[in-house]
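# Summary of structural features
Here's the letter readout for the chains.
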Amino acid sequence: MSLNPTEPESGKRQSIGETHSNPGLWVSIALSVAVLVWFYAFQLRYGAERDFSATGWLKSAWNDDLDYEHGVLFPFVIAGLIIYRLKDLKTAVSDGSYWGLAAILVGVLFYAAGFRTLQPRITMGALPFILWGSAMYLWGWRVAKILTFPIFFFWLAIPLPSFQQATTHLQLLATSLAHHGSGLLGVETYVEGTKVLPIHGDWKPLDIAKGCSGIRSLMALLMISAAWAYIADKMAMWKRVLLFLSAFPLAILGNALRVISIFVIAEYGNSEWARTTWHDWSGLLLFYPFSLMLLLAIHSLLEGGFPWKNANRRQLRREVVTRPNHPDHFVPES
């Protein structure tokens, strides 16, 4: 920064900390927030009858038909990720940068494109650019860098136009895995399309419907693995990417185990209970515990031990005890 406090470097503006007493700044911020809320929460433009705001459309899209029931969790996860880095954010505050206005401009252009074309996904996709650019403009690049992932993580909350093709492939894969997996446990079945029928059992045929394809579990597990990889900030970037991508095979494997359990219970236990009560609760009671345990196992494998134990070891290695009057004498790192 320039030695002269009245002449900030090019591309930078005075620190927000130096303008607490400037009421004009806070009035400008309040007006900007009000404009943003108006265009996103009250401007009705989207939906079949154009009776939804952008945020209203997004809330309505978080439903089981689009396999995005977990969408309501995103605001809480994003808030948690920001709180997790709150200490770093406080120390990172510096001069704001005018480059943040460029990011805001990109967001405004995307918003305008979504508004004109009646595409709420584009409109909502513009919001992270506006928020991230505002953070850079107000608090500088270091704060914006820390907030990059939590803010753009919001993109995962926007349902894609259609999952039908992916769902069809996942249905066929889930049917095949359930058929062969059940056979390993003594449940003999045969397959007709996405329908699995018993050979010897007296339970009714079970259809691997769209909801049982695993697409919902996959999208939810992607959210979890992305947040998990972000928090695992002591690992190399390639390991964090691998941890995130592991959600794909884990979701497929976990969903197959869930469907197999339904067939096994139907064969050896109560078929009606298996196709109703256990079908509805097996995701929560079996899929997620199983998938999260495997996600932890992969994290531990990549880090060479349980994450919390490695964190304690790293803390001990960083502690170096020195004597005040003898700077050349020190106790080696533990």
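All values derive from a computational prediction rather than experimental measurement.

## Brief notes about the overall build of the protein chain
Along its length, the protein chain carries 13 helices and seven strands. Put simply, the protein chain has 334 residues, and 38% of those count as buried. Partitioning the intrachain contacts of the protein chain with sequence separation of at least 6 by distance along the chain shows that 65% fall at a separation of at least 24. Summing over all exposed atoms, the protein chain offers an accessible surface of approximately 19,200 Å²; the carbon and sulfur share of this is 66%.

## Side note on helix α5 (residues 99-117)
Along its 19 residues, α5 runs 28 Å from first to last C-alpha, staying within 8% of the 27 Å computed at 1.5 Å per residue. Of the residues making up α5, those classed as buried are Gly100, Ala103, Ile104, Gly107, Tyr111 and Gly114. Viewed along the axis of α5, the buried residues span an arc of 100°, placing them on a single side of the element. In α5, the exposed positions that point more than 90 degrees away from the buried face belong to Trp99, Leu109 and Arg116. Within two residues after α5, Leu118 carries a phi angle of roughly 60°, on the positive side.

## Looking at the packing of helix α3 (residues 74-84) against helix α9 (residues 215-231)
Between α3 and α9, whose axes approach to 11 Å, the crossing angle comes to 5°. Between α3 and α9, the angle falls in the class roughly parallel. In contact with Phe74, Val77, Leu81 and Tyr84 of α3, α9 contributes Met223, Ala227, Tyr230 and Ile231. Of the residues that constitute the contact of α3 with α9, the class distribution is eight nonpolar, no polar and no charged.

## Digging into the nonpolar core
A general trend in soluble globular proteins is that nonpolar side chains are found buried together. Of all hydrophobic cores here, the largest spans 53 residues; its most connected members are Tyr40, Met124, Trp132, Phe153 and Phe154. For this core, the element with the most residues is α9, which contributes ten residues. When sequence neighbours within four positions are dropped, the list of residues in contact with Met124 reads Tyr40, Ala54, Thr55, Leu58, Phe154 and Ile158.

## Re unusual backbone geometry
For Arg50, which is not glycine, the phi dihedral falls at a positive 55°. We classify Arg50 as partly exposed; its relative accessible area is 46%. One non-glycine residue, Leu118, lies in the positive phi region at around 60°. Looking at where Leu118 falls in the secondary structure, it is placed in the loop between α5 and α6 (120-139).

## Some points on a nonpolar patch on the surface
Residues Val33, Val35, Val37, Trp38, Phe39 and Phe42 make up a contiguous nonpolar surface patch of about 550 Å² in total accessible area. Within the secondary structure, Val33 sits in helix α1 (residues 23-42). Using a relative accessible area of 45% as the deciding quantity, one classes Val33 as partly exposed.

## Side note on the sheet that holds strand β4 (residues 195-198)
Across the sheet, which stays open at both edges, the three strands sit in the order β3-β4-β5 with antiparallel pairing between neighbours. Of all the strands in the sheet, just β3 (189-192) and β5 (206-207) have a single pairing partner and so form its edges. When β4 meets β5, the two strands line up antiparallel, connected through two bridges. Looking at the pairing, Lys195 lines up with Asp207 of β5.

## A word on the pattern of salt bridges
Under the criterion given, the structure shown has one salt bridge. A salt bridge links Arg85 to Asp88, with the shortest nitrogen-to-oxygen separation between them at 2.8 Å.

## Some thoughts on the confidence of the model for the protein chain
Mean pLDDT for the protein chain: 84, with 83% of residues reaching 70 or above. This stretch, residues 1-10, has a pLDDT under 50; its non-local contacts, to residues over four places away or in other chains, come to seven contacts.

Cut-offs applied
Residues numbered from 1 in each chain as written. Predicted model: local features only at pLDDT ≥ 70, side-chain atom pairs only at ≥ 80, totals over all residues. Heavy atoms only, no water. Helix = DSSP H or I, 4+ residues; strand = E, 2+ residues; numbered from the N terminus. Buried < 20%, exposed > 50% of the residue type's maximum accessible area, 1.4 Å probe, protein only. Contact = heavy atoms within 4.5 Å. Areas by Shrake-Rupley, 256 points an atom, 1.4 Å probe, with all protein chains shown as cover. Expected span 1.5 Å × (residues − 1). Arc of directions from axis to C-beta. Axes fitted to C-alpha atoms, helices over the stretch in contact; angles between N-to-C directions. Parallel < 35°, antiparallel > 145°, perpendicular 65-115°, else oblique. Nonpolar A, V, L, I, M, F, W, Y, C, P; charged D, E, K, R; others polar. Core = buried A, V, L, I, M, F, W, Y, C linked by side-chain atoms within 4.5 Å. Patch = residues over 30% accessible without salt bridge, like charges linked within 9 Å, V, L, I, M, F, W, Y side chains within 5 Å. Salt bridge = Lys/Arg side-chain N within 4 Å of Asp/Glu carboxyl O. Pairing = 2+ DSSP bridges. pLDDT = per-residue confidence, 0-100.

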